[in-house]
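# Breakdown of the fold
Take a look at the letters that make up each chain.
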Amino acid sequence: MIKHNVYISPDKVLVDGKALTHNEKGSALLTELYRNNVSDYPKFFKMDTLSKLGFVASELLLNAEGNRDFEPREDRAVIFFNKHASLQADTHYQSTIQDPEHFFPSPAAFVYTLPNIVTGEIAIRNKYFGETSFIVVEDYDEKIIERNLKNSFQDPMTKSIIGGWLDCLDEEHFEAKIFLLYKD
Amino acid sequence: MGGRSMIVCVAHNITSPLGMTTAENYAAVKAGMSALKHYDGLWGLPEPFVASLIDRKAFTDDRYTIVEQIVIHSISKALENTGIDSASARVLFILSTTKGNVFLLDKRETGFPQERVKLGVMAKQVSNHFKNPNESIVVSNACISGVCAQIEAMRYLESGEYDYVIVCGVDVQSAFIVSGFQSFKALSPDECKPFDANRCGLNLGDAAATIIFTKKDKVTENEWVACRGAIRNDANHISGPSRTGEGSYRALKVALGDLKADDVAFINAHGTATPYNDEMESIAIERAGLAGVPVNSLKGYFGHTMGAAGVLETLLSMQAVNDHNILGTRGFETLGVTHKLDVSNQNRPTNKRAFIKLLSGFGGCNAALLFAKGGLHD
Amino acid sequence: MDELIYKLKQEIIEALNLEDMKPEDIDENASLFGEGLGLDSIDALELIVLMEKNYGIKLKDPAQGKEIFKSVTVMADFIQKNRTK
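Just so we're clear, the structure is a prediction, and the values are computed from it rather than from any experiment.

A few words now on the overall build of chain B. Within chain B one finds 9 helices and 15 strands. For chain B, whose C-alpha radius of gyration is 19 Å, the value lies close to the compact-globule estimate of 21 Å for 378 residues. Each of the three principal axes of chain B carries a C-alpha extent, and together these read 55 × 50 × 40 Å. Among the 378 residues that make up chain B, the fraction classed as buried is 63%. In chain B, the share of contacts with a sequence separation of at least 24, taken over all contacts with a separation of at least 6, comes to 79%.

So, about the overall build of chain C. Of the regular secondary structure elements, chain C holds 4 helices and 0 strands. Seen in sequence order, chain C has helices and strands lined up from the N terminus as α-α-α-α. Here the C-alpha atoms of chain C give a radius of gyration of 12 Å, agreeing with the 12 Å that 2.2 N^0.38 yields for 85 residues. Taking the principal axes of the C-alpha coordinates as reference, chain C spans close to 30 × 25 × 20 Å. Scored against the burial criterion, the 85 residues of chain C give a buried share of 28%. In chain C, the share of contacts with a sequence separation of at least 24, taken over all contacts with a separation of at least 6, comes to 60%.

The interface of chain C with chain A comprises 8 residues on the first partner and 8 residues on the second. In terms of residue class, the side of chain C that touches chain A is built from 3 nonpolar, 1 polar and 4 charged.

On to the packing of helix H1 (residues 26–37) of chain A against helix H2 (residues 49–65) of chain A, then. Residue and element names in this part refer to chain A. Viewed as axis vectors pointing N to C, H1 and H2 meet at an angle of 40°, and their least axial separation amounts to 10 Å. In this structure, the crossing between H1 and H2 has a hand that is left-handed. Of the residues in H2, those touching H1 at Ser 27, Leu 30, Leu 33, Tyr 34 and Asn 37 are Thr 49, Lys 52, Leu 53, Val 56, Glu 59, Leu 60 and Asn 63. Its residues placed into classes, the contact of H1 with H2 shows 6 nonpolar, 4 polar and 2 charged.

Often the size quoted for an interface is simply the accessible area lost on bringing the parts together. Every contact between the two is made by 48 residues of chain B and, on the other side, 46 residues of chain A. Elements supplying a minimum of two residues to the side of chain B that touches chain A: helix H3 (119–129), strand E5 (137–139), helix H4 (145–158), helix H5 (175–183), strand E9 (224–233) and helix H6 (246–256) of chain B. Considered class by class, the residues forming the side of chain B that touches chain A number 22 nonpolar, 16 polar and 10 charged. Bridge count for strand E5 (residues 132–136) of chain A against E5 of chain B is 2 bridges, and the pairing is antiparallel. Across the sheet, the residue bridging to Val 136 of chain A is Val 138 of chain B, located in E5 of chain B.

Residues and elements named next belong to chain B. In terms of domain boundaries, chain B breaks down into domain 1 (6–216) and domain 2 (224–373). One C-alpha centre belongs to domain 1, the other to domain 2; they are set 20 Å apart. Across the boundary between the two partners, domain 1 contributes 61 residues, which contact 55 residues of domain 2. Put simply, the parts of the chain that give the side of domain 1 that touches domain 2 at least two residues each are strand E1 (6–15), helix H1 (22–30), strand E3 (49–52), H4, strand E6 (164–171), strand E7 (204–205) and strand E8 (207–216). When residues of the side of domain 1 that touches domain 2 are assigned to their parent elements, the largest contribution, 8 residues, is made by H4.

The next thing to look at is unusual backbone geometry. Within the chain, Lys 127 of chain A stands out as a residue other than glycine whose phi angle is a positive 55°. Its place among the elements puts Lys 127 of chain A in the loop between helix H5 (117–126) and E5.

Residues and elements named next belong to chain B. With 13 residues, helix H7 (residues 275–287) ought to run about 18 Å at 1.5 Å a step, and its terminal C-alpha atoms sit 19 Å apart, in line with that. Those residues of H7 that sit buried are Asn 277, Asp 278, Met 280, Glu 281, Ser 282, Ile 283, Ala 284 and Ile 285. Packing partners of the buried residues in H7 comprise H6, strand E10 (264–268), strand E11 (295–296) and strand E14 (354–361).

This part covers the pairing of strand E1 (residues 2–9) of chain A. Residues in a regular strand project their side chains so that they alternate between the two faces of the sheet. Residues and elements named next belong to chain A. Looking at chain direction, E1 and strand E7 (residues 173–182) are connected through 6 bridges and run antiparallel. Paired with His 4 across the bridge in E7 is Leu 180. Where E1 lies against strand E2 (residues 12–15), 4 bridges are found, and the strand directions are antiparallel. Residue Tyr 7 lies in a different strand from E2, and its bridge partner there is Leu 14. Taken together, E1 and the strand that follows it, E2, pair antiparallel across an intervening segment of 2 residues.

This brings us to the pairing of strand E4 (residues 76–82) of chain A. All names here are of chain A. The buried fraction of E4 amounts to 7 of the 7 residues, a majority that puts the element mostly inside the structure. Burial of the side chains of E4 extends over both faces: Arg 76, Val 78, Phe 80 and Asn 82 are buried on one face and Ala 77, Ile 79 and Phe 81 on the other. Sheet analysis places E4 next to strand E6 (residues 160–170), joined by 6 bridges and oriented parallel. Within the sheet, the bridge partner assigned to Ile 79 lies in E6 and is Gly 163. Relative to E5, E4 runs parallel, the two sharing 5 bridges. Opposite Phe 81, over in E5, you have Ile 135 as the bridge partner.

Put simply, chain C has an average pLDDT of 90, and 100% of its residues get 70 or more. Complex prediction metrics read pTM 0.97 and ipTM 0.97.

The topology assignment puts Ala 28 of chain A in helix H1. With 143 residues separating them in the primary sequence, Ala 28 of chain A and Glu 171 of chain A have C-alpha atoms 8.5 Å apart.

Working definition: the strands of a sheet are paired by backbone hydrogen bonds and lie parallel or antiparallel to each other. Taking strand neighbours across the sheet as the criterion, the 3 strands line up as E2-E3-E7 (chain B) in an open arrangement whose pairing is mixed. The open sheet is flanked by strand E2 (37–39) and E7 of chain B, the only strands paired with a single partner.

This part takes up the nonpolar core. One finds Val 165, Leu 252, Ile 356, Ala 367 and Phe 371 of chain B to be the most contacted residues of the largest nonpolar core, which totals 211 residues. When residues of this core are assigned to domains, at least three map to each of domain 1 (6–216) and domain 2 (224–373) of chain B.

Turning our attention to helix H3 (residues 87–97) of chain A. Of all 11 residues making up H3 of chain A, 8 are buried, and the element is well covered by its neighbours. Restricting attention to buried positions, one finds in H3 of chain A the residues Leu 87, Gln 88, Ala 89, Asp 90, Tyr 93, Gln 94, Thr 96 and Ile 97 of chain A.

So, on to the environment of Leu 157 of chain B. Residues and elements named next belong to chain B. Within the element layout of this structure, Leu 157 appears in helix H4. Since 24 C-beta atoms lie within 10 Å of it, Leu 157 is described here as buried. Distance in space between the C-alpha atoms of Leu 157 and Lys 215 is 6.2 Å, their sequence separation being 58 residues.

For the rest of this paragraph, the subject is the packing of H4 of chain B against helix H9 (residues 309–322) of chain B. Residue and element names in this part refer to chain B. The interhelical angle for the contact between H4 and H9, taken along N-to-C directions, is 80°, at an axis separation of 5 Å. By the criterion of interaxial angle, the relationship of H4 to H9 is roughly perpendicular. Contact residues: H4 offers Ser 145, Gly 146, Val 147, Ala 149 and Gln 150, while H9 offers Ala 309, Gly 310, Val 311 and Thr 314. In terms of residue class, the contact of H4 with H9 is built from 4 nonpolar, 5 polar and no charged.

What counts as what
- Residues numbered from 1 in each chain as written.
- Chains lettered and ligands numbered in written order.
- Predicted model: local features only at pLDDT ≥ 70, side-chain atom pairs only at ≥ 80, totals over all residues.
- Helix = DSSP H or I, 4+ residues; strand = E, 2+ residues; numbered from the N terminus.
- Rg over C-alpha atoms; globule rule 2.2 N^0.38 Å.
- Buried ≥ 20, exposed ≤ 12 C-beta atoms within 10 Å, placed from the backbone.
- Contact = placed C-beta atoms within 7 Å.
- Nonpolar A, V, L, I, M, F, W, Y, C, P; charged D, E, K, R; others polar.
- Axes fitted to C-alpha atoms, helices over the stretch in contact; angles between N-to-C directions.
- Left-handed = near helix turned anticlockwise from the far one by under 90°.
- Pairing = 2+ DSSP bridges.
- Domains from an automatic or database assignment.
- Expected span 1.5 Å × (residues − 1).
- pLDDT = per-residue confidence, 0-100.
- Core = buried A, V, L, I, M, F, W, Y, C linked by C-beta atoms within 7 Å.
- Parallel < 35°, antiparallel > 145°, perpendicular 65-115°, else oblique.

Following this line, the structure appears as structure tokens:
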């Protein structure tokens, strides 16, 4: 059963279907959402765009749920799907090693070259010890996401999931369609 | 577990520098062989490194990238003589990889369209090759992907949607991956030494490994059953392992369930040989009440094969139990973790029939999966 | 030296994405890790890259960083003595 949902694209933000007003677009929109809705988590600025997107989307989702206590819990999973994995971070890291004359591989860039880092960022923020997972598919497919998340409740402890589509090609092209799903 | 259906391994393959079949790989590891070699100047990298690399020249089908070719080889070998129709809609492909065709991002690589760097597009090459009509899924959960992909397979089979799930884990090393781990100061300048007092980092490795599962109501004594597993997060740091082993401990607890520690032949740990990982695992294993169970790591033979590791290390552990053997931890000499783990660099005998595969990775993720030969008996 | 300290602060802010911080906000004698700026292990690795990229200093042993990254002043002092560019 879906309890809440959040949609973010470079020029549109919906929380439970209601539009949120904003001034910025693209990755600047994510920073605006952070400043207006979070503001006390400077690690946000170190994240790649995929993680920023997942982070602010999950914050909006959890604010909609309310009663945030940040108590450690193991019964909530974070499971996302997308098409571009960590391609933006990959391209950024590649740029730090492309030129042999200017070869300075960046550890801060490299760590984001895994799509599941965003699930870890959300787990850290909210003290979730539950399942975290990232699955890549060729294209958005609601059925695959639905079936997969339904299967994820086979875990003996999982009672709710922050899940859905979380894709980022670059700072101007991204989409979050995530929701809070409860075990039936 | 009488009456309940079980998820059973029906076929498998390991493709690595140590061999092109599971049997070849097991024989090499049992004999103490390692594929780790020193490389200096390879791929234009300024720093030398030690890795386990597949001979790229042995793969000559230029329709596919080296990564795709190794996957196709591994799955083809696994499917041999099984009678499984890979073109059936009742068969699902699950790939496990961290970086897939990432080497294509290098501007000097021109042999393939950039599209192929997308993991879903890469997976499509593979499923098309086997004429499979389903959308494949790619599990990309850092270094625990290979166990996560097997847990996904168990769930899909449990729900009855498919008759067979083909899981293939793969990663092929490149300047991208090696330089990244170098920037993390995570690579050992020599062959790695898991759980050793003088360990100073990991080695990377190429491999693909395939395991095919189905669901059965009855299993014979010699069939391998994937019993239960879990994925848990440390909720601590995106690259540093937890100081309390939080995620690994919790994943181990679910995997062990009501089985007695005494019935576990060994824990095949992640054992990357970085100072923090091995220490974290010792804490988690202790906390889970498993400190008395033998622990081994296979990184000294293959290096860290990333997306392949979960499948490759599972398969070798199955072969070892079949052979009543606990594989020695190559590179280990003196225990160098806080909690007293039972680690040896020698092969040791066992008559037990179950083992736990344990992994951890960036993003704070951890996974554990319990396997039992002939299934669990109440 | 003061000039180097100021420049280093700017470079640290940029390399570590310390959004909303100005060089004036960093106390050059305060600890970079733990209570001071609250940097973590990835930041430490990134500072190693910064020293190599901007000053041509290669740290052989990353453990050396512990001493060098005590504060901006200590770091600037080390750079002045060891820089190759």
